[in-house]
Every structure is written in structure tokens, then in C-alpha cells.
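Here is what each chain is made of, one letter per residue.
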Amino acid sequence: MWRIIHQFGSPPWVYRFCDKVIPWLMPITIVALLGGSVWGLLFAPTDYKQGDSYRIIYIHVPAAVVALAGYYVMALAGLVSLVWRVKLADTAMRAAAPIGAAYTAIALITGAIWGKPTWGAWWVWDARITSMLILFFLYVGVIALFEAYENKTVAARACAILSLVGTVNIPIIYKSVDWWYSLHQPASIKFTGSSAIDASMLYPLLGMIITFYALFALLMMLNLKQSLTEEYAQSAWLNKRLAA
Amino acid sequence: MYFDSVADALAMSGHGVFVWGAYSISFVIIFFVLLRPVMSIRTLNAGIRQEALRKQSAQVAQQNAS
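Overview of the structure. (Residues numbered from 1 in each chain as written. Chains lettered and ligands numbered in written order. Predicted model: local features only at pLDDT ≥ 70, side-chain atom pairs only at ≥ 80, totals over all residues.)

### Considerations on the overall build of chain B
Each helix and strand counted, chain B has two helices and zero strands in total. Taken over C-alpha atoms, the radius of gyration comes to 26 Å for chain B, far larger than the 11 Å a tight globule of 66 residues would show. Oriented by its inertia axes, the alpha-carbon framework of chain B measures out at about 80 × 20 × 10 Å. Relative to its 66 residues, chain B shows a buried fraction of 17%. (Helix = DSSP H or I, 4+ residues; strand = E, 2+ residues; numbered from the N terminus. Rg over C-alpha atoms; globule rule 2.2 N^0.38 Å. Buried ≥ 20, exposed ≤ 12 C-beta atoms within 10 Å, placed from the backbone.)

### Digging into the overall build of chain A
Broken down by element type, chain A carries nine helices and zero strands. Counted from the first residue to the last, chain A has its helices and strands arranged as α-α-α-α-α-α-α-α-α. For 244 residues, the compact-globule estimate of 2.2 N^0.38 gives 18 Å, and the C-alpha radius of gyration of chain A, at 20 Å, lies within 12% of that figure. If one aligns the C-alpha atoms of chain A with their principal axes, the spans along those axes are about 60 × 35 × 30 Å. Taken over 244 residues, chain A has a buried fraction of 38%. Taking as baseline every contact in chain A between residues at least 6 positions apart, the subset at least 24 positions apart corresponds to 76%. (Contact = placed C-beta atoms within 7 Å.)

### A few points about the nonpolar core
With 65 residues, the main nonpolar core has Ile 56, Ala 63, Met 74, Met 93 and Ala 96 of chain A as its most contacted residues. For this core, the secondary-structure elements that each account for two or more residues are helix H2 (11–43), helix H3 (57–84), helix H4 (87–119), helix H5 (127–148), helix H6 (152–166) and helix H8 (199–231) of chain A together with helix H2 (16–65) of chain B. Here the element with the most residues in this core is H4 of chain A; it accounts for 16 residues. (Core = buried A, V, L, I, M, F, W, Y, C linked by C-beta atoms within 7 Å.)

### Considerations on H3 of chain A
Side chains of residues three or four places apart in an α-helix project in the same direction, reflecting 3.6 residues per turn. Counted at 1.5 Å a residue, the expected span for H3 of chain A with its 28 residues is 40 Å, and the 40 Å between its end C-alpha atoms agrees. A positive phi of about 55° marks Arg 85 of chain A, the residue just after H3 of chain A. (Expected span 1.5 Å × (residues − 1).)

### Comments concerning the interface of chain B and chain A
The interface is formed by 26 residues belonging to chain B together with 35 residues belonging to chain A. With 19 residues, H2 of chain B is the single largest residue contributor to the side of chain B that touches chain A. For the side of chain B that touches chain A, the residue count by class is 19 nonpolar, six polar and one charged. (Nonpolar A, V, L, I, M, F, W, Y, C, P; charged D, E, K, R; others polar.)

### Remarks on unusual backbone geometry
One non-glycine residue with positive phi stands out, namely Arg 85 of chain A, at about 55°. Relative to the helices and strands, Arg 85 of chain A resides in the loop between H3 and H4. For Arg 85 of chain A, a count of 12 C-beta atoms within 10 Å corresponds to the exposed category. Positioned with a positive phi, Ser 13 of chain B is a non-glycine residue whose angle comes to about 40°.

### Considering the packing of H3 of chain A against H4 of chain A
If you want to describe how two helices pack, look at the angle between their axes and the distance between the axes. Residue and element names in this part refer to chain A. Where H3 meets H4, the closest approach of the two axes is 8 Å, and the angle between their N-to-C directions is 160°. Accordingly, the angle class assigned to the pair H3 and H4 is roughly antiparallel. Two packed elements cross with a definite hand, and for H3 against H4 that hand is left-handed. Considering only residue class, the contact of H3 with H4 consists of 20 nonpolar, eight polar and one charged. (Axes fitted to C-alpha atoms, helices over the stretch in contact; angles between N-to-C directions. Parallel < 35°, antiparallel > 145°, perpendicular 65-115°, else oblique. Left-handed = near helix turned anticlockwise from the far one by under 90°.)

### Some words on the environment of Leu 205 of chain A
All names here are of chain A. Topologically, Leu 205 is positioned in helix H8. Leu 205 sits in the buried class, given 22 other C-beta atoms within 10 Å. A sequence separation of 169 residues divides Leu 205 from Gly 36, and the C-alpha atoms of the two residues are 8.1 Å apart. Leave out the neighbours within four places in its chain, and Leu 205 touches Ile 57, Tyr 58 and Val 61.

See below:
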């Protein structure tokens, strides 16, 4: 067990791992992304109340779900970097930030587009939407904060603290539809009890959620590989690997 | 397919602009976050390989000179 944890702190091991996984995860994810979109766009039935505009759900919900989960990944990496001073954890934290920002942007933009035909407005200062916007600023904040410091060790520590403080926003986003009167509908899929969504719509949605998780993992590995290549350009192990 | 024709699928009874627009924007964003590290790794690797070649040829030149 400790050996496995130890390996996660070793840059050459992580680089090799990413190098092995990316070539098969990339095609699988792209095919699943296109397949899931076609399923949701063309084969899932129309919603009786919202008509076809509901089809945005197959991209909006997965993006939002993984944007929240991705924040935990970033904050956890920040915690490890802050407490144990593992340099790779700091790299992982910075790898997660742009992906999270992109996912949150997708959730916000598709939400706005969905809002127009459904609520009659592109944007409302609703609890769910506003807390999601704060999530976007937290992700962008981590990226910007790192760039703002000349000393990268201090920058990493500041980013880790910001991402940890920001975790308070995640349960707020999650619970916002229950705590406040909100235009945003509550969750249709529940882990406990029955879901308020038919199987013909549920399966493509679950498929897309899994695909968005896979895409997150893929992007994470790509960003990690990029950062490691940058940081260890002079190292013997990377030079040997690239020469092979 | 759920729709009767391609035209129906594009129109989505008036919601087509919203639905296809949302998917298009999302795919553009995904395309860019995917492409950025891939291109960056390619450039970095090319730089590292070039540097290694440069060092190697410098070494050979030094050996020949001595």
C-alpha cells in the first residue's frame, strides 16, 4: 500500500503511467463523447414538458457534476502539497485548475442557453447559478494566483490555501437548490431512492457523466505530462525515455 | 433515430438553435483544452530532442579537436 502511494509521488513513474494510459484513453473518450452526444441528441425521447431543449442536459449535467468533483481533486492535491510538501501534488493541483475552469464554463454557458427557452432568460442571479459562477472564479483564481508570484514555492502554497478555502463553496452549490427558492430544478438522479427520470433518458445521461469523468482523467494526465516535461527537461530519465 | 428526418433533427421543433449551439460551443471548448497540452508536449519534446542532438554533436566536435 505504501509503495503505491510512494509511486504517486515519483515523477518518472507518473510520467510513464500517463504515457502508457493516454494512447488508449484518448480514442475511447473521444468515441464515447461523440457516441453519447449522438445518443442524447438524436435517439433519446423528447421531454413532455420542455420539448427538445432538454437535450442540453446530456452535456450540461455531466459538465457540472465533474466540475464539482474536479474541485475536490484540486483541493486534495493542494492539501497534500501544503502538508507533505510533495512537489508532484502541486503539479497535479495546477493541472486540475484549467480543466475545472473549462468544465464550469461549459456548465454555465450551456445552462444559459438552456435557460433562454425554458425560463425566458439567459441569466438569473439564482443561488445555484451564482455559486457556480463563484466556482469558475475560484478555478480561474488559482490559475491567476500562481502566475502572479515570482517565487513558485510561495505561489504553490498560496494556490493550495485558496483551493482549500474554496471547498466551502462545493456543498453550497450542491445544496443550493434545496436551501433557497431557486429557478433551477433539483437533482433528478438520486443515489438513494428512485430517480425522477426514465431509463431511456437516464442511460445516455449516465453514459455521458462517465465519459466526462474519463475526459477529466485524460486531460489531467495530458496536463501532468506537459508540466513534467517542462519541469524535468534537463533530467536524465526524461532524456533517456525520449531518446528510446 | 427519434426524429423523422434530418430537417426535423436540425430544427428540434424550434429549439434546434439552442441545442445545437450549446453542443457546438461545448465541443469547441473541449477541443481547445485537449489540443493545448497535446501541442505543448509535442513542442517541448522536439526541443529536448534537439538539445540532446546539439550536445551530442558538440561532444563529437570536442573529441575530434583533441
